[in-house]
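A closer look at the structure
This is what each chain is made of:
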Amino acid sequence: MIKLGLYRLSVETISGLISWAMVAGSSLYFMQQRLGWLHWRVGLLAGLYLGFVVFFALATREQCYSRDRQVRFALLFILFLLVVGIYFTSPYFYNAILMVMWSALLPYFMSFRLALLLSPLWSAVPYFVGEFYWQDDMSALSAMLFWTFNVFALVMVNVSLKEKSAKEAANQLNRELMAAQALLSEANKQAERTRIARNIHDLLGHHLTALSINLQVASRKAD
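Here's what I pulled together on the structure shown here. (Residues numbered from 1 in each chain as written. Predicted model: local features only at pLDDT ≥ 70, side-chain atom pairs only at ≥ 80, totals over all residues. Heavy atoms only, no water.)

1. Observations concerning helix α6 (residues 125-132)
Stated precisely, the cut-off is as follows: Only protein chains enter the area calculation, which uses a 1.4 Å probe; residues under 20% of their type maximum are buried, those over 50% are exposed, and those in between are partly exposed. Working definition: helices are DSSP H or I runs of at least four residues, strands are E runs of at least two. Numbering for both runs from the N terminus. By arc we mean the arc of the directions from the helix axis to the C-beta atoms, nothing more.
Looking at α6, one finds that the buried residues are Val-125, Pro-126, Val-129 and Gly-130. An end-on view of α6 places all buried positions within 120 degrees of arc, on one side of the element.

2. Observations concerning the side chain of Ser-139
To be explicit about the condition: By the criterion applied in these results, polar contacts are pairs of N or O atoms within 3.5 Å in which, for protein atoms, one can donate a hydrogen and the other can accept it, and in which residues neighboring in sequence qualify only through two side-chain atoms.
By secondary structure assignment, the location of Ser-139 is in helix α7 (residues 139-222). A distance of 2.9 Å separates a polar side-chain atom of Ser-139 from the backbone oxygen of Asp-136.

3. Focus: the pattern of salt bridges
When their charged atoms lie close together, side chains carrying opposite charge are able to pair. This is how it is decided: By salt bridge we mean one thing: a side-chain nitrogen of Lys or Arg within 4 Å of a carboxyl oxygen of Asp or Glu.
Tallied over the full model, the rule gives 3 salt bridges. In this structure, Arg-72 and Asp-68 form a salt bridge, with 2.9 Å as the shortest nitrogen-oxygen distance. Remark: Asp-68 and Arg-72 occur in helix α3 (residues 68-89); sequence separation between them is 4 residues, near one turn of the helix. With a relative accessible area of 21%, Asp-68 lands in the partly exposed category. Note that Arg-193 and Glu-186 form a salt bridge whose closest N and O atoms lie 3.9 Å from each other. The exposure class assigned to Arg-193 is partly exposed, which follows from its relative accessible area of 44%. For Glu-186, a relative accessible area of 41% gives the class partly exposed.

4. Topic: unusual backbone geometry
Positive phi, normally seen in glycine, also occurs at Arg-67, with a value near 55 degrees. With respect to the helices and strands, the residue Arg-67 is situated in the loop between α2 (40-60) and α3. Even without being glycine, Gln-135 reaches a positive phi, approximately 55 degrees. Looking at where Gln-135 falls in the secondary structure, it is placed in the loop between α6 and α7.

5. Structural notes on the packing of helix α1 (residues 11-35) against α2
Heads up, the condition is: Each axis is a line fitted through C-alpha atoms, taken for helices only over the stretch in contact, and angles between the N-to-C directions span 0 to 180 degrees. The labels follow the angle: roughly parallel below 35 degrees, roughly antiparallel above 145, roughly perpendicular from 65 to 115, and oblique for the rest. Note on definitions: a residue-residue contact is assigned when non-hydrogen atoms from the two residues lie within 4.5 Å. Throughout this entry, Asp, Glu, Lys and Arg are counted as charged residues, while Ala, Val, Leu, Ile, Met, Phe, Trp, Tyr, Cys and Pro are counted as nonpolar. The remaining residues, Gly among them, count as polar.
The contact between α1 and α2 brings their axes to 10 Å, and the two run at 175 degrees. Between α1 and α2, the crossing angle belongs to the class labelled roughly antiparallel. Here Thr-13, Leu-17, Trp-20, Val-23, Ala-24, Ser-27, Leu-28, Met-31, Gln-32 and Leu-35 of α1 come into contact with α2, specifically with Arg-41, Val-42, Leu-45, Ala-46, Tyr-49, Phe-52, Val-53, Phe-56 and Thr-60. Of the residues contributing to the contact of α1 with α2, the split by class is 14 nonpolar, 4 polar and 1 charged.

6. Observations concerning the packing of aromatic side chains
Worth spelling out the cut-off: Pairing of aromatic rings covers Phe, Tyr and Trp, the last through its six-membered ring, and needs centres within 6.5 Å; plane angles under 30 degrees mean stacked, over 60 mean edge-to-face, and all others mean tilted.
Applying the stated criterion across every chain, the model contains 14 aromatic pairs. An angle of 55 degrees between the planes, with centres 5.6 Å apart, marks the rings of Phe-73 and Phe-109 as tilted. One end of the pair, Phe-73, is in helix α3; the other, Phe-109, is in the loop between α4 (96-103) and α5 (112-123), with 36 residues separating them in the sequence. When its relative accessible area of 11% is taken as the criterion, Phe-109 is described as buried.

7. Focus on the nonpolar core
So the rule is basically this: The set of buried Ala, Val, Leu, Ile, Met, Phe, Trp, Tyr and Cys residues whose side-chain atoms join them within 4.5 Å is what this entry labels a nonpolar core.
The biggest cluster of nonpolar side chains holds 44 residues, and the ones touching the most others in it are Trp-20, Tyr-49, Phe-52, Leu-79, Leu-98 and Trp-102. Among the secondary structure elements, those contributing two or more residues to this core are α1, α2, α3, α4, α5, α6 and α7. Sort the elements by how many residues they give to this core and α3 lands first, with 9 residues. Beyond its immediate stretch of four places on either side in the chain, Leu-79 contacts Phe-52, Phe-55, Phe-56, Ala-59, Trp-102 and Leu-105.

8. Comments concerning α5
Since the α-helix packs 3.6 residues into each turn, any two residues three or four apart lie on the same face. Selection rule: Under the convention used throughout, the expected extent of a helix is 1.5 Å for every residue step, that is, one less than its residue count.
With 12 residues, α5 extends 16 Å between its outermost C-alpha atoms, agreeing within 8% with the 16 Å of an ideal straight helix rising 1.5 Å per residue. Every buried residue of α5 is listed here: Ala-115, Ser-119, Trp-122 and Ser-123. Projected down its long axis, α5 carries its buried residues within an arc of 85 degrees, all on one side. In α5, the exposed positions angled more than 90 degrees off the buried face are occupied by Arg-113, Leu-117 and Leu-121.

9. Notes on the environment of Ser-142
Within the secondary structure, Ser-142 sits in helix α7. In this structure the C-alpha to C-alpha distance between Ser-142 and Phe-93, which are 49 residues apart in sequence, comes to 7.4 Å.

10. Description of the packing of α3 against α6
Heads up, the rule is: Helix crossings get a hand from a simple test, with the near helix turned counterclockwise from the far one by less than a right angle marking a left-handed crossing and a clockwise turn marking a right-handed one.
Closest axis-to-axis distance for the α3/α6 pair is 10 Å, and the angle between their directions is 25 degrees. Classified by the angle between their axes, α3 and α6 sit roughly parallel to one another. Taken as a pair, α3 and α6 cross one another with a handedness that is right-handed. Across from Phe-80, Val-84, Tyr-87 and Phe-88 in α3, the residues of α6 making contact are Val-125, Pro-126 and Val-129. Looking at the contact of α3 with α6 residue by residue, the classes come out as 7 nonpolar, no polar and no charged.

Treat this as a map of the structure, not an account of what it does.
Listed below in structure tokens is the structure:
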């Protein structure tokens, strides 16, 4: 975990930002080589990439929002629209890497099975854009490949979440065990105190009774 100001970035988030930087940087470079920096498409593409990284950081931040689940769902939807916008603005199919990053967020908000069943839907978007908008003959094969990447991202994140959940459960059991041990130790101490107090009470009682009898005998002898 790395802290930057008020934000703490996980290793996963940092790797996602590096992937975004490579995709955005290379795509903008190739676009300006074809069209020039002043072309409207290059400016729009830069805005879409910038919007993606901003909303990605907001969607993955550690601090909770008020109505956190609804806000994060809205951020996910905006991220999806930004990626679709990038598909229509840039002809390079590797922009689908951003959709892989988006897929990796889904297990945090829905069941793994549902995300896996729905993965062909958003994985097919670059195919339709590439096939019918950019006239790319390799769109079907590329879409299939990136669908496998989306599935891989879902599987890996789901495994990571399960391991984290199991670790938290083990830690909780360990805390409960330690608390039970502390209570048992305290109960043993209290039982020992009670036993010692009872022994002292019985011993003193016997001595006091004997002393009382001896004093009575001594008193009678004195009389």
